[in-house]
Amino acid sequence: MPPVHSSPFYRMENPAILSFLRHSTPGEKRTKSTGGLLKMFKLFPMLTSGCKMVALLGRPRKPLLKDNATTATIFGYRKGRVSLAIQEDPHCMPIFVIELPIHSSAFHKEMSSDVVRIALESETKTHKKKLLEEFVWAVYCNGRKIGYCIRRKQMSEDELHVMQHLRGVSMGAGVLPCPSEKETADGELTYIRARFERVVGSKDSESLHMINPDGAAGPELSIFFVRAN
């Protein structure tokens, strides 16, 4: 396996992935992502570890969340890397958990931009598994290759801790209490959690697009999954 690179960033090498990130699928209808959640990431340096949930969105003005919407959580210690967990039901175990090859500080900087697009590309060509069942992924963030990661078969204690604390949270961003003494070693445990519209292009491509609960336009957060043909 090629070495994992988290810094400096590498330019995207796959023209198909680059095109996928720049353009929407023809005819695809998406809801603008929520600006409020992304803006909360700018507050993280001011948040204190004493808060269990420092910043949560208020109740939506109208019920825009779909019953089949997917829940995604991006979380990690300030001095560590961020992880991504995808749930079809926020009360059930995630169907996809992976530690991304990007440190929290670098990811928070990306979140301050108007558009955040994360792409995961599997180079497996056997097609014997469903797309999200693939293990090895090349990861791109806003068009730059940042390294490789492997999907987890089982969640770690820290990941279980996060999922347990956020079972009753449909969307929000803030700081969670640390499960042990890691707060002093790795910094605070930050998270962003939201509902996403899941768009399946084919058996080899699908994407998640953050749903804006209040209907207002804002920065976009999208996650793309692509398998090489």
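The text that follows walks through the structure, step by step, so that each part is easy to find. For clarity, every value in this text was computed on a predicted model and none was experimentally measured. (Residues numbered from 1 in each chain as written. Predicted model: local features only at pLDDT ≥ 70, side-chain atom pairs only at ≥ 80, totals over all residues. Heavy atoms only, no water.)

1. Some thoughts on the side chain of Q87
Looking at the element boundaries, Q87 is found in strand β3 (residues 81-87). With a relative accessible area of 2%, Q87 lands in the buried category. Polar side-chain contacts of Q87 include one of 3.3 Å to the backbone oxygen of P90. Looking at Q87, its side chain comes within polar contact range of the main-chain oxygen of C92, at 2.8 Å. (Helix = DSSP H or I, 4+ residues; strand = E, 2+ residues; numbered from the N terminus. Buried < 20%, exposed > 50% of the residue type's maximum accessible area, 1.4 Å probe, protein only. Polar contact = N/O pair within 3.5 Å; in protein donor to acceptor, adjacent residues only side chain to side chain.)

2. Notes on the pattern of salt bridges
Oppositely charged side chains are able to pair whenever their charged atoms sit close together. A full pass over the atoms with the stated rule returns eight salt bridges. The salt bridge involving E188 is made with R78; its shortest N-O contact spans 2.7 Å. Taken as a pair, E188 in the loop between α5 (182-186) and β9 (189-202) and R78 in the loop between β2 (70-77) and β3 lie far apart in primary sequence, 110 residues in all. By relative accessible area, which is 24% here, R78 ends up partly exposed. Taking the shortest distance from any N to any O, the salt bridge between R227 and D204 comes out at 2.8 Å. (Salt bridge = Lys/Arg side-chain N within 4 Å of Asp/Glu carboxyl O.)

3. Some remarks on helix α3 (residues 104-111)
Those residues of α3 not exposed but buried are S104, F107, H108, E110 and M111. Viewed along the axis of α3, the buried residues span an arc of 155°, placing them on a single side of the element. Looking at α3, the residues exposed on the side facing more than 90 degrees away from the buried face are S105 and K109. (Arc of directions from axis to C-beta.)

4. Some thoughts on the side chain of S207
Summarising the element assignment, S207 is placed in strand β10 (residues 205-210). Among the polar contacts listed, one links the side chain of S207 to the side chain of H209, at a separation of 2.8 Å.

5. A few points about the packing of aromatic side chains
Here the structure, examined in full by the defined rule, presents three aromatic pairs. Centroid distance F96 to F225: 5.4 Å. Interplanar angle 80°. Geometry classified as edge-to-face. One end of the pair, F96, is in strand β4 (residues 96-103); the other, F225, is in strand β11 (residues 220-227), with 129 residues separating them in the sequence. Of the two residues, F96 and F225, both sit in the buried class. Here the aromatic residues F96, W137 and F225 are joined through ring pairs into a cluster of three or more. R151 extends its terminal NZ or CZ atom over the ring of F135, reaching a point 4.2 Å from the ring centre. (Phe/Tyr/Trp six-rings, centres within 6.5 Å; stacked < 30°, edge-to-face > 60°. Lys NZ or Arg CZ within 6 Å of the ring centre and 35° of its normal.)

6. Topic: the nonpolar core
Formed by 30 residues in total, the largest nonpolar core has its most connected members in L84, F96, L100, L120 and F225. Per-element accounting of this core gives the leading share, four residues, to β4. Not counting residues up to four positions away in its chain, the partners in contact with F96 are L84, A85, I86, L120, L132, W137, R151 and F225. By size, the runner-up hydrophobic cluster in this structure holds 13 residues, among which are Y77, V162, L176 and L189. (Core = buried A, V, L, I, M, F, W, Y, C linked by side-chain atoms within 4.5 Å. Contact = heavy atoms within 4.5 Å.)

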